[in-house]
Amino acid sequence: MPSQVQKVIASRGFIVGAFLWACATTAPATKAALAPTIEGIHDALASDQKWTPYWFWGWGGTFAASGVVQLTLEGLAEERGPRVDAATGAVSSWLGVIGLGIGQLQPEVTIPDAEDMTLMLRSVRAQARREAAARGWVSHVLCAAVAVGSGLYLWLGEDRPVHAAINFGLNLGVGEAQIWTVPTASLDWWTETFPGEDP
């Protein structure tokens with residue numbers, strides 16, 4: 001007769017085995033490539049044409065307003081500590097404005113007025129490439145560099161560790177939010193239509 005421990009082990013083993021079998025049999029299959037259509041490309045570009053300006057000018061305006069507020073606070077502050085905090089925040093904000101200005105993803109998205117599949121593919125691929133760059137590792141590294149640099153300056157240069165931690169967290173959080181909210185309709189269309197192929 002199996003002991004109680006053996007029964008428990010056997011029952012648990014059966015449950016685990018059934019779970020693993022279910023996971024294996026229900027694993028999603030590799031997505032098949034879709035046939036590109038003029039309508040699909042137009043819809044992707046139209047979505048980016050609508051939302052990219054909101055993303056660009058929304059974040060640009062946020063960074064610019066933050067920079068102006070921080071510069072104002074720096075001018076009004078009487079003690080060095082608050083002045084340094086405000087100045088560091090202003091520099092970070094204006095770096096965000098500059099990053100948007102020189103970045104590849106600009107607010108204008110052009111939709112070709114044509115039924116030429118080659119021209120449409122070229123346009124959606126170029127937009128997808130810009131979106132991939134805006135979401136790519138370089139953007140994350142630059143965001144982290146600004147956050148780490150400003151935080152280290154306040155911590156080691158000004159001996160303000162608490163303010164350094166707050167500055168670091170805000171810069172990293174806002175920068176990552178900007179990156180992850182990039183409109184990606186063209187990039188999504190490209191990866192669904194040509195899986196495994198970079199734009």
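This text follows the structure it describes.
Residues numbered from 1 in each chain as written. Predicted model: local features only at pLDDT ≥ 70, side-chain atom pairs only at ≥ 80, totals over all residues. Heavy atoms only, no water.

Chemist: Lay out the overall build of the chain with the relevant residues and their values.
Modeler: Each helix and strand in the chain was counted, giving seven helices and zero strands. When the helices and strands of the chain are placed in sequence order, the string is α-α-α-α-α-α-α. Counting every position in the chain, which comprises 199 residues, the buried fraction comes to 31%. Partitioning the contacts of the chain with sequence separation of at least 6, the portion at a separation of at least 24 is 81%. With an accessible surface of roughly 12400 Å², the chain has 67% of that area assigned to carbon and sulfur atoms. (Helix = DSSP H or I, 4+ residues; strand = E, 2+ residues; numbered from the N terminus. Buried < 20%, exposed > 50% of the residue type's maximum accessible area, 1.4 Å probe, protein only. Contact = heavy atoms within 4.5 Å. Areas by Shrake-Rupley, 256 points an atom, 1.4 Å probe, with all protein chains shown as cover.)

Chemist: Outline the packing of aromatic side chains, listing residues and values.
Modeler: Applying the stated criterion across every chain yields a total of six aromatic pairs. Ring pairing ties together the aromatic residues Trp189, Trp190 and Phe194, which thus form one cluster. (Phe/Tyr/Trp six-rings, centres within 6.5 Å; stacked < 30°, edge-to-face > 60°.)

Chemist: Report on unusual backbone geometry, specifying residues and quantitative values.
Modeler: Notably, Asp159 is not glycine yet its phi reads approximately 55°, a positive angle. Here Asp159 lies in the loop between α5 (137-157) and α6 (161-180).

Chemist: Run through the pattern of salt bridges, naming residues and quoting values.
Modeler: A full pass over the atoms with the stated rule returns three salt bridges. With a closest N to O distance of 2.7 Å, Arg80 and Glu158 form a salt bridge. In this pair, Arg80 is assigned in helix α3 (residues 80-102) and Glu158 in the loop between α5 and α6, connecting sequence segments 78 residues apart. The closest approach of N and O atoms between Asp85 and Arg160, which form a salt bridge, is 2.6 Å. Residue Asp85 is found in helix α3, and its partner Arg160 is found in the loop between α5 and α6; the two are separated by 75 residues along the sequence. Of the two residues examined, Asp85 and Arg160, each falls in the buried class. (Salt bridge = Lys/Arg side-chain N within 4 Å of Asp/Glu carboxyl O.)

Chemist: Residue-level account of the packing of helix α2 (residues 38-76) against α3, with values.
Modeler: In a packed pair of helices, the relevant descriptors are the angle between the two axes and the axis-to-axis distance. Axis separation between α2 and α3 bottoms out at 8 Å; the angle between their running directions is 155°. The orientation of α2 with respect to α3, classified from their angle, is roughly antiparallel. By crossing handedness, the relation of α2 to α3 is classed as left-handed. (Axes fitted to C-alpha atoms, helices over the stretch in contact; angles between N-to-C directions. Parallel < 35°, antiparallel > 145°, perpendicular 65-115°, else oblique. Left-handed = near helix turned anticlockwise from the far one by under 90°.)

Chemist: Quick rundown of α5? Include the residues and the values.
Modeler: Between its terminal C-alpha atoms α5 stretches 28 Å, which fits the 30 Å expected from 21 residues at 1.5 Å a residue. If you check which residues of α5 are buried, you get Cys143, Ala147, Ser150, Gly151 and Leu154. The buried residues of α5 occupy an angular sector of 95° when projected down its axis, which confines them to one face. Facing away from the buried surface of α5 by more than 90 degrees, the exposed residues are Trp137, Leu142 and Leu156. As for α5, its buried residues are in contact with α3 and α6. At the C-terminal side of α5, Asp159 shows a positive phi close to 55°. (Expected span 1.5 Å × (residues − 1). Arc of directions from axis to C-beta.)

Chemist: Residues and numbers for the packing of α3 against α6, please.
Modeler: Where α3 meets α6, the axes come as close as 11 Å, and the angle between the chain directions of the two elements is 15°. One finds that α3 runs roughly parallel with respect to α6. Considering the relative orientation of α3 and α6, their crossing is right-handed. Across the interface between the two elements, Asp85, Thr88, Gly89, Ser92 and Leu100 from α3 touch His163, Asn167, Asn171 and Gln178 from α6.

Chemist: Any details on the nonpolar core? Residues and values, ideally.
Modeler: Among the nonpolar cores identified, the biggest contains 12 residues, and these are Ile38, Ile41, Ala44, Leu45, Val109, Ile111, Met120, Val124, Ala128, Leu187, Trp189 and Trp190. Mapped by element, the contributors of at least two residues to this core are α2, α4 (117-135) and α7 (185-193). By residue number, the principal contributor to this core is α2, which donates four residues. In this view, Trp189 contacts Pro36, Thr37, Gly40, Ile41, Ala44, Leu121, Val124 and Phe194; residues no more than four positions away in its chain are not counted. Judged by nonpolar contacts, the second largest core, of eight residues, contains Phe56, Phe63, Leu100 and Leu105. (Core = buried A, V, L, I, M, F, W, Y, C linked by side-chain atoms within 4.5 Å.)

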